[in-house]
Amino acid sequence: MGAAMRRIQAGNALTAFGIGFTVPFLYIYVAQVRGLGSMAATSAFVAFAMGALVALPFTGRIIDRRGPVPVVIGAAVAASVGALSLGLSTGIVAILLSALALGAGQAVMQPALATMIVWCSTPSTRTRAFALQFFMQNLGLGIGGLVGGQIVDESRPASFTLLFGIEAVMFLVLAAVIATVRMPQVAGLKDAMPQKDGAQAGGGWKRMLQHKAMVQLCVLGFVLFFACYGQFESGLAAFGTEAAGITPSTLGFALAANTGAIVVAQFVVLRLVEKRRRTRVIALVGLIWTVAWVIAGFSGLGHGSAVMAAGAFVTTYALFGIGEAMLSPTLAPLVADLAPEGSVGQYNSAFALVKQMALALGPLGVPLGAGIPMLYIGVFVAVSLGIVWLALRLGRQLSPVQDNPSLSRVVAQGGPVAGAAPAGVVASEPAHV
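Cut-offs used in this document
Counting starts from 1 at the beginning of each chain's written sequence and moves along it residue by residue. For this predicted model, a pLDDT threshold of at least 70 governs which residues receive local features, and a threshold of 80 or more governs which side-chain atom pairs are given and counted, while totals over whole chains, interfaces and linings are taken from all residues. With hydrogens and water excluded, all non-hydrogen atoms of the structure serve as input to the side-chain values. Numbering goes from the N terminus for both helices and strands, where a helix is a DSSP run of H or I of at least four residues and a strand is a run of E of at least two. Only protein chains enter the accessibility calculation, which uses a 1.4 Å probe. A residue is then buried if its area is under 20% of the maximum for its type, exposed if over 50%, and partly exposed in between. It only takes one pair of heavy atoms within 4.5 Å for two residues to be counted as in contact. Only the protein chains shown count as covering a residue, and every accessible area follows the Shrake-Rupley method with a 1.4 Å probe. Polar contacts, as used here, are pairs of N or O atoms within 3.5 Å; protein pairs need one atom able to donate a hydrogen and one able to accept it. Residues neighboring in sequence count only if both atoms are side-chain atoms. Within this analysis, patches are made of residues with over 30% relative accessible area and no salt bridge. Like charges are joined at 9 Å or less; nonpolar side chains (Val, Leu, Ile, Met, Phe, Trp, Tyr) at 5 Å or less. Salt-bridge detection follows one rule: a side-chain nitrogen of Lys or Arg within 4 Å of a carboxyl oxygen of Asp or Glu. The score called pLDDT rates the predictor's confidence residue by residue, from a low of 0 to a high of 100. One less than the residue count of a helix, multiplied by 1.5 Å, gives the span that helix is expected to have.

(A) Here's a closer look at the overall build of the chain. Of the regular secondary structure elements, the chain holds 21 helices and zero strands. A buried classification covers 54% of the 433 residues belonging to the chain. Expressed as a percentage of contacts within the chain between residues at least 6 apart in sequence, the contacts between residues at least 24 apart total 84%. Element-wise, carbon and sulfur atoms account for 69% of the exposed surface of the chain, whose accessible area totals about 17800 Å².

Put into structure tokens, the structure is as follows:
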């Protein structure tokens, strides 16, 4: 790992640590500490999501024209201002504006950092680089949440101001770290580095929407994010508390089990997936999540003890974590390898936008999870099986090297790979699974 990659990963981990300070406590802060009620807290989450949805459509073109470094720095400063002002705000208008700035800043950082990782890696090292990023993010979020929980006190608004202040400082630390990064300029990065007119020649929403493999990947990504992240703190939590009788403390253990499974399994899983077809790995995730939803359904049947229901629910979250660990070295590198020259930022931003849309629509599962629990489970069992079908279907649109980047080493050593195409280029004839 080069110096540039080490700094990117360190800045990413410190930022996740700062975010972990505030994410679990935002609802309590707005609704109870500032006394604005549940509707105001919900509006703050909506403003946070809207900031991301408004900013991301324009982010990719800026990254491809100006490079990711100034975008990360600008986004980090905006997020820092949003976090600090959120901690100082007492009225609903100020809180909504702060959440808007914080949401936009955090959302823009994601594709810009992803593009930096692409620039500082090769197709053969990219899988491990994104796996490390996901590992450091979850570790930072987990530690931040634990430390923040020891600081926060609902009777002292100043303790929440301190949390948001720490988050604001972490964003500034990220900006300072990224400002020292010197991006490599080597021939091997031709597929990732923007050209002078790269945005016009290689990017644009119209061209991307005509890219069949990328469109299919975005559809698959939306389903993945909606079925997993979109349900964690909404529909699945409602199902657990209403149908399975899960207590808030057990829900906390379930979330901890999810993070723990990711941290423990990430590099074990990496060895298993980095030499296998990406679409087959995603299909396997769909099968694992199918099992997870079935186990969740068992927890809500009421046939066992409260301990069995709690164990089943915690197991569900742990299985989701294993699936996430498998996706982290798979999805982001695939997006980068599909991007034409000069359009890595555009493709990363589009995929980040898909994720935000899935997260924004995730709470649609709450009424089913709370009111018709077994239908809710049935729907998401079907959705998880749909992930398997979508992944295998996507595999037919990819070249062998795009689906299994380890084959690029064979090409580099002179071995023939039928139908292989370099990263960033889609084969004109789809490769069959």
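There is more to say after this.
(B) Expanded view of the side chain of Ser 121. Relative to the helices and strands, Ser 121 is located in the loop between α5 (92-119) and α6 (126-151). Of note is the side chain of Ser 121, whose polar atom sits 3.2 Å from the side chain of Arg 126.

(C) Layout of a nonpolar patch on the surface. A contiguous nonpolar patch, built from Val 46, Met 50, Val 54, Ile 92, Val 93, Leu 97 and Leu 100 and spanning about 600 Å² of accessible area, is present on the exposed surface. Those elements giving two or more residues to the nonpolar patch turn out to be α3 (37-66) and α5. With four residues, α5 is the largest single contributor of residues to the nonpolar patch. Locating Val 46 in the fold gives a position in helix α3.

(D) Structural context of the confidence of the model for the chain. Chain-level statistics for the chain give a pLDDT mean of 82 and a share of 88% at 70 or above. Scored below 50 in pLDDT, residues 186-203 shows 37 contacts in the model against residues more than four places distant or in partner chains. Segment residues 410-433: pLDDT under 50, and 44 contacts once partners within four positions in sequence are set aside and those in other chains are kept.

(E) The arrangement of helix α19 (residues 373-395) in detail. Helix length check: α19, at 23 residues, gives a terminal C-alpha distance of 34 Å against a target of 33 Å (1.5 Å per residue), a fit within 8%. Buried residues of α19: Tyr 376, Ile 377, Phe 380, Val 381, Ser 384, Ile 387, Val 388, Leu 390, Ala 391, Leu 394 and Gly 395, and no others.

(F) Region of the structure containing the pattern of salt bridges. In total, this model carries three salt bridges according to the counting rule given. Between Asp 337 and Arg 278 there is a salt bridge, with the nearest N and O atoms lying 2.9 Å from each other. Of this pair, Asp 337 sits in helix α16 (residues 331-338) while Arg 278 is found in helix α14 (residues 278-299), placing the two residues 59 residues apart along the sequence. By relative accessible area, which is 3% here, Asp 337 ends up buried. Salt bridges here are not isolated pairs; linked through shared partners, they connect Arg 126, Arg 278 and Asp 337.

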